[in-house]
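A structural walkthrough
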Amino acid sequence: MGIYAVKTTASQEQTVADMIINREEPSIHAALAPDSVTSYVMVEADDNSVFDRILDEIPHANGVVQGQTSMAEVEHFLSPTPDVEGIAEGDIVELIAGPFKGEKAQVQRIDEGKDQVTVELYEATVPIPVTVRGDQIRVLDSEER
C-alpha cells in the first residue's frame, strides 16, 4: 500500500479526487486534493495497477507519476494551518468581517491557541482593544517586511 500522485488538468483536482473515491474501488482507500498543489491529486491505494483500469474512464485525469510517495511527504497537507500564521504584533490589518468591517487596526496581541488576534482600531478616539478571529482580518502592512 502506498500514496500515488495522479496528474490532473489544472483546477480539476477536486473533481478528479471525488470521481476516484466515488468509483468505490476496493484497492483505493483515500484521495486528497490539497489547495496548495496544482494539477495533482494524492491517492492512497494498494498498488498502482488499479490506475491502469480507472484513469481512462475519469475525465481530467492524465496519468500517474512514477513511483510512490511516503506519508511523511503528504502529512503537512492533512493538518490545517492557523489563520493567525504570518501575522505579527505591530502589523497593520484591515478587519474584513464583523461589526468593524472595513476598519484599519494595529495588532496588539496574538493568541495562536484560540486563533484570535487583539487589535486596536486606528480611527477610534479612545484606544479600545478588540479581539477578533484570525480569519476576520487581512494584513495590509507588516513591520517584518
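Residues numbered from 1 in each chain as written. Predicted model: local features only at pLDDT ≥ 70, side-chain atom pairs only at ≥ 80, totals over all residues. Heavy atoms only, no water.

The name given to the protein chain in an unreviewed UniProt entry is Transcription elongation factor Spt5, with the source organism recorded as Halovenus carboxidivorans. Looking at the protein chain in UniProt, the text filed under Subunit (unreviewed entry) is "Heterodimer composed of Spt4 and Spt5. Interacts with RNA polymerase (RNAP)." In its Function (unreviewed entry) section, UniProt records this for the protein chain: "Stimulates transcription elongation." (UniProt positions renumbered as here; feature names shortened; annotations may be inferred.)

Focus: the pattern of salt bridges
This model, assessed by the stated rule, comprises five salt bridges. The partner of arginine 23 in a salt bridge is glutamate 57, and the shortest N-O contact between them spans 2.7 Å. One end of the pair, arginine 23, is in the loop between helix H1 (13–22) and strand E2 (28–32); the other, glutamate 57, is in the loop between helix H2 (49–54) and strand E4 (61–64), with 34 residues separating them in the sequence. On the basis of relative accessibility, which here comes to 31%, the residue arginine 23 falls in the partly exposed class. What makes glutamate 57 exposed here is its relative accessible area of 51%. In this structure, glutamate 94 engages arginine 138 in a salt bridge whose closest nitrogen and oxygen atoms are separated by 2.2 Å. Pair noted here: glutamate 94 is in strand E5 (residues 92–95) and arginine 138 is in strand E9 (residues 137–141), with a separation of 44 residues, a long-range link. (Salt bridge = Lys/Arg side-chain N within 4 Å of Asp/Glu carboxyl O. Helix = DSSP H or I, 4+ residues; strand = E, 2+ residues; numbered from the N terminus. Buried < 20%, exposed > 50% of the residue type's maximum accessible area, 1.4 Å probe, protein only.)

Points about the domain arrangement of the protein chain
Per the domain assignment, the segments of the protein chain are domain 1 (2–77) and domain 2 (91–141). The centre of domain 1, based on its C-alpha atoms, is set 40 Å off from the matching centre of domain 2. (Domains from an automatic or database assignment.)

Quick notes on the sheet that holds E9
Within a sheet, each strand pairs with its neighbour through backbone hydrogen bonds, oriented either parallel or antiparallel. Read across the open sheet, the five strands follow the order E8-E7-E6-E5-E9; overall the sheet is antiparallel. The strands lining the two open edges of the sheet, one partner per strand, are strand E8 (129–133) and E9. Ignoring which end each strand starts from, the neighbouring axes of this sheet average 45° apart. Two elements, strand E7 (residues 116–121) and E8, share five bridges in a ladder whose sense is antiparallel. Paired with glutamine 116 across the strands is arginine 133, a residue of E8. (Pairing = 2+ DSSP bridges. Axes fitted to C-alpha atoms, helices over the stretch in contact; angles between N-to-C directions.)

A look at the sheet that holds E4
As summarised here, the arrangement of the four strands in space is E2-E3-E1-E4, forming an open sheet in which the pairing is antiparallel. The open sheet is flanked by E2 and E4, the only strands paired with a single partner. Taken over all neighbouring pairs, the strand axes of this sheet differ in orientation by 30° on average, direction set aside.

Let's talk about the UniProt feature "domain: KOW" (unreviewed entry) in the protein chain
UniProt records the feature "domain: KOW" (unreviewed entry) for residues 86–113 in the present numbering. Secondary structure across residues 86–113 divides into 0% helix and 43% strand, with the first and last C-alpha atoms of the span separated by 15 Å.

Observations regarding the packing of aromatic side chains
What describes a pair of aromatic rings is the distance from one ring centre to the other and the angle between the planes of the rings. As enumerated under the stated definition, the model contains one aromatic pair in all. Ring geometry for tyrosine 4 and phenylalanine 51: centres 5.6 Å apart, planes at 65°, overall edge-to-face. Here tyrosine 4, found in strand E1 (residues 2–8), pairs with phenylalanine 51, found in helix H2; they are 47 residues apart in sequence, far enough to count as distant. (Phe/Tyr/Trp six-rings, centres within 6.5 Å; stacked < 30°, edge-to-face > 60°.)

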